[in-house]
Amino acid sequence: MTHLIESHALTDAVSVWRPWPAGGSAASAAEILDGLVHIPEASWESSRWRLSDSVAVFDSESWDRENPSRRVRIWSRDAVGHRQVQEAFESQ
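Residues numbered from 1 in each chain as written. Predicted model: local features only at pLDDT ≥ 70, side-chain atom pairs only at ≥ 80, totals over all residues. Heavy atoms only, no water.

## Things to note about the nonpolar core
As a rule of thumb, soluble globular proteins bury nonpolar side chains together.
For step 1, the next point in the chain: Within the largest apolar cluster, 14 residues are counted, with the highest numbers of intra-cluster contacts made by Leu33, Val55, Val57, Val72, Ile74, Val85 and Phe89.
For step 2, the next point in the chain: Of all elements in the fold, only α2 (24-32), β4 (55-61), β5 (70-76) and α3 (79-90) reach the threshold of two or more residues within this core.
For step 3, the next point in the chain: If near-sequence neighbours (up to four positions away) are discounted, Leu33 is found in contact with Arg50, Val55, Val57, Ile74, Gln84, Val85 and Ala88.
For step 4, the next point in the chain: In terms of nonpolar packing, the next biggest core, distinct from the first, is built from nine residues, Leu10, Ile39, Trp49 and Ala56 among them. (Core = buried A, V, L, I, M, F, W, Y, C linked by side-chain atoms within 4.5 Å. Buried < 20%, exposed > 50% of the residue type's maximum accessible area, 1.4 Å probe, protein only. Helix = DSSP H or I, 4+ residues; strand = E, 2+ residues; numbered from the N terminus. Contact = heavy atoms within 4.5 Å.)

In structure tokens form, the structure reads like this:
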């Protein structure tokens, strides 16, 4: 339960940041973003939060074992973060 509460708190915190398109390109971009720290108190078995001062990534897998899927959400909040995420999307 604590992981869920902390995950929702991070979702609230980044809700005012710039969201980036979700989907396969977000998953690829998220894998090459550097400087992000894993946040274990907001992550659990099927979901993971990674964060820096300028970029946040939430990576989750569906709970449906018969129809598995992965969802990656990326946010940035300042010029440094926007540039870092843009470069990650462009380098795919």
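## Observations regarding the side chain of Ser7
For step 1, the next point in the chain: Note that Ser7 resides in helix α1 (residues 2-14).
For step 2, the next point in the chain: The contacts of Ser7, once residues within four sequence positions are left out, are Ala42, Trp44, Trp49 and Phe58.

## Side note on the side chain of Ser52
For step 1, the next point in the chain: Looking at where Ser52 falls in the secondary structure, it is placed in the loop between β3 (47-51) and β4.
For step 2, the next point in the chain: Side-chain polar atoms of Ser52 contact the backbone nitrogen of Ser54, separated by 3.2 Å.
For step 3, the next point in the chain: Look past the residues within four positions of Ser52 in its chain and what remains in contact with it is Trp17, Gly35 and Leu36. (Polar contact = N/O pair within 3.5 Å; in protein donor to acceptor, adjacent residues only side chain to side chain.)

Don't take any of this as a statement about function, it's just geometry.
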